[in-house]
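# Analysis of the macromolecular model
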Amino acid sequence: MTRRKHKYSGTKLSRGEPPNFSGQHFLHKPGLIREIVDRAQIGSEDTVLELGAGAGALTTLLSERAGKVLAVEYDEKLIDTLKRKTAAYGNTVIIHQNILNLRLPKGKFHVVANIPYAITTPIMKLLLNRPTSGFQRGVIVMEKGAAKRFTSPYVKNAYVLVWKMWFDLRLIKEISRECFSPPPKVESAMVMITRRPKPIIGNQDRMAFIGLAEYALKVATAPADDVLRGIFTPIQIKHLKRSSDIRGDQSIGSLTVQQWGVVFHTMTRHVPRPYWPRLSKKQLEQYQ
């Protein structure tokens, strides 16, 4: 059975602190477990990172298909179980560690995981904040509310917008509480993450785009016209709206990734660098 770690006892979890969960919820549908691995399209040449391996239901199936499996689990009580279940596979490494202190693999890798609800956003930031990592594709089971926020065309959070410049995030399906034993208090969902063949923004422009995203999405419901006036001249805005099909009544949070690409490239080409939005030290720390 694949474990769902559901609740966190505390108010804040930093990267250096170990998780302290008050509940465990296990996936008990073999068909769903197989579907998760099937959708990941894992092959014999792939390295797979599993975050929160639990009792090893996903781990053993991944070990049958992947070239290498890195199974991360913090709960010491489950480490022996994982080692026993994967003993027959020479391609599986059990890592007893806090996920948030993990160093990502150096080469290309995929992620298949049933992650802890309590640290969903920190895990996603670990995987997606640095597009220069080797992360290629992932299938992740998470709390449904977070899944909808990450995959919605309407973007409220700057860091989610930044992710979408390099990765496509799609909600594949919702997962009922009844798929877990015992059932958690909230619904879950399966999210597919795929690296874009061609990113909307180049890696060298990452920090400049983060500055734009943090500035623009202070109020996601604000009219795009009002937000853009803080960066562009009236003539530039007129040209920008014509070239990107931004409507006069469109909110800044509803811009598509393609429209954001046009906005950013227009800024870098026509707005002097001193007038680009700047990151505060606190904002910068969120992307380290």
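Residues numbered from 1 in each chain as written. Predicted model: local features only at pLDDT ≥ 70, side-chain atom pairs only at ≥ 80, totals over all residues. Heavy atoms only, no water.

### Considering the UniProt feature "binding site: S-adenosyl-L-methionine" (unreviewed entry) in the protein chain
Which entries qualify depends on this criterion: UniProt positions are given in the numbering used here, feature names are shortened, and annotations may be inferred rather than shown by experiment. Starting at the N terminus, helices and strands are each numbered in turn, a helix being any DSSP run of H or I of at least four residues and a strand any DSSP run of E of at least two. When a residue's accessible area, from a 1.4 Å probe over protein chains only, is under 20% of the maximum for its type it is buried; when over 50% it is exposed; and in between it is partly exposed. Contact between two residues is taken to exist if any of their heavy atoms lie within 4.5 Å; hydrogens are not considered.
Under the feature "binding site: S-adenosyl-L-methionine" (unreviewed entry), the UniProt entry names His25, Leu27, Gly52, Glu73 and Asn114. You can see Gly52 is positioned in the loop between strand E3 (47-51) and helix H2 (57-65). Accessibility expressed as a relative area gives 3% for Gly52, which makes it buried. Ignoring anything within four residues of it in the chain, the contact list for Gly52 reads Val72, Glu73, Ile99 and Asn114. The topology assignment puts Asn114 in strand E6 (residues 109-114).

### Overview of the layout of surface pockets
As a reminder, the rule being used: Here a cavity is any set of points on a 1 Å grid over the protein atoms alone where a 1.4 Å probe fits but cannot get out, and a pocket is any open set with protein on both sides within 12 Å along at least 5 of 7 lines; a residue lines the site when it has an atom within 4 Å of a point. Grid points are joined across faces, edges and corners, and a volume is the space filled by probe spheres set on the points. In this count, Pro and Cys sit with the nonpolar residues alongside Ala, Val, Leu, Ile, Met, Phe, Trp and Tyr, while Asp, Glu, Lys and Arg are called charged and the others, Gly among them, polar. As annotated, the domain borders come from an automatic or database domain assignment.
Approximately 200 Å³ is the volume found for the second largest pocket. Forming the boundary of the second largest pocket are 15 residues, of which Pro153, Lys164, Arg196, Thr256 and Val257 lie nearest the centre. For the lining of the second largest pocket, the secondary-structure elements that each account for two or more residues are helix H6 (158-166), strand E8 (167-175) and helix H10 (257-270). Its residues placed into classes, the lining of the second largest pocket shows eight nonpolar, four polar and three charged. Each of domain 1 (26-195) and domain 2 (203-286) gives at least three residues to the lining of the second largest pocket.

### What to know about the packing of aromatic side chains
Test applied: Two rings from Phe, Tyr or Trp (for Trp, the six-membered ring) form a pair when their centres are within 6.5 Å of each other. A pair whose planes differ by under 30 degrees is stacked, one over 60 is edge-to-face, and the rest are tilted.
Across all of its chains, the model carries six aromatic pairs by this definition. Taking the centre distance of 5.3 Å and the plane angle of 55° together, the rings of Tyr159 and Trp163 count as tilted. Residue Tyr159 and its partner Trp163 are located together in helix H6, separated by four residues, close to a single helical turn. With a relative accessible area of 11%, Tyr159 lands in the buried category. Using a relative accessible area of 0% as the deciding quantity, one classes Trp163 as buried. Three or more aromatic residues link up through ring pairs in this structure, and these residues are Phe109, Phe135 and Phe167.

### Concerning the confidence of the model for the protein chain
Rule in force here: pLDDT is a per-residue confidence score from the predictor, ranging from 0 to 100.
Residue-level pLDDT values for the protein chain average 90, and 91% of them are 70 or greater. Between residues 1-23, whose pLDDT stays under 50, and residues either more than four places distant or in other chains, the model counts 83 contacts.

### Digging into the side chain of Thr151
Note that Thr151 resides in helix H5 (residues 144-151). Not counting the four nearest positions on each side in its chain, Thr151 is found in contact with Lys164, Leu169, Arg170, Leu171 and Val191.

### A few points about the nonpolar core
The test is simple: Among buried residues, the Ala, Val, Leu, Ile, Met, Phe, Trp, Tyr and Cys ones that are joined through side-chain atoms within 4.5 Å form a nonpolar core.
Ranked by internal contacts, the top residues of the largest apolar core, which has 67 residues, are Leu51, Phe209 and Trp260. Excluding anything up to four places from it in sequence, Trp260 contacts Leu161, Met165, Phe209, Leu212, Ala216, Leu217, Ile252 and Leu255. Leu27, Ala53, Leu58 and Leu82 belong to the second largest nonpolar core, which has 27 residues in total.

### Digging into the environment of Met124
Mapped onto the elements, Met124 comes out in helix H4 (residues 120-128). Overall, Met124 belongs to the buried group, its relative accessible area being 0%. Spatially, the C-alpha atom of Met124 lies 9.2 Å from that of Trp163, the residues being 39 residues apart in sequence. Not counting residues up to four positions away in its chain, the partners in contact with Met124 are Asn129, Ile140, Met142, Phe150, Trp163, Leu169 and Ile193.

### Quick look at the domain arrangement of the protein chain
How big an interface is tends to be stated in terms of accessible area lost as the parts join. Defined as follows: Joining two parts hides part of their accessible area as seen by a 1.4 Å probe, and the buried area is that hidden amount summed over both. Any Lys or Arg side-chain nitrogen located within 4 Å of an Asp or Glu carboxyl oxygen qualifies as a salt bridge. Side-chain atoms alone can form a polar contact between residues adjacent in sequence; in general such a contact is a pair of N or O atoms within 3.5 Å, and within protein one must be able to donate a hydrogen while the other accepts it.
Examined at the domain level, the protein chain breaks down into domain 1 (26-195) and domain 2 (203-286). With centres defined by C-alpha atoms, the gap from domain 1 to domain 2 works out at 32 Å. When domain 1 packs against domain 2, close to 1,400 Å² is buried across both sides, 63% of that on carbon and sulfur atoms. The tally of links between domain 1 and domain 2 comes to zero salt bridges. Across the contact surface, domain 1 and domain 2 share six residue pairs in polar contact (both at pLDDT 80 or more).

### What about H10?
Worth spelling out the cut-off: By this rule, a helix spans an expected 1.5 Å times one less than how many residues it contains.
Taking 1.5 Å of rise per residue, 14 residues should cover 20 Å, and H10 covers 20 Å from first to last C-alpha, within 8% of that figure. Here H10 has its buried residues at Val257, Gln259, Trp260, Gly261, Val263, Phe264, Thr266 and Met267. Lining the buried residues of H10 we find H6, helix H7 (206-216), helix H8 (224-228) and helix H9 (234-244).

### A word on the UniProt feature "domain: Ribosomal RNA adenine methylase transferase N-terminal" (unreviewed entry) in the protein chain
Within this numbering scheme, the UniProt entry marks residues 32-197 as carrying the feature "domain: Ribosomal RNA adenine methylase transferase N-terminal" (unreviewed entry). Segment residues 32-197 splits into 33% helix and 30% strand. End C-alpha atoms: 28 Å apart.

### Some words on the sheet that holds E6
Selection rule: When DSSP finds two or more bridges between two strands, those strands count as paired. The convention used is that axes are lines fitted to C-alpha atoms, helices contributing only their stretch in contact, and that angles between N-to-C directions extend from 0 to 180 degrees.
Pairing is mixed in the open sheet, where seven strands are placed in the order E5-E4-E3-E6-E7-E10-E8. Pairing within the sheet leaves two strands with one partner each, and these edge strands are strand E5 (92-96) and E8. Strand after strand, the sheet turns through a mean of 15° between neighbouring axes, direction not considered. Pairing of E3 with E6, which is carried by two bridges, proceeds in the parallel orientation.

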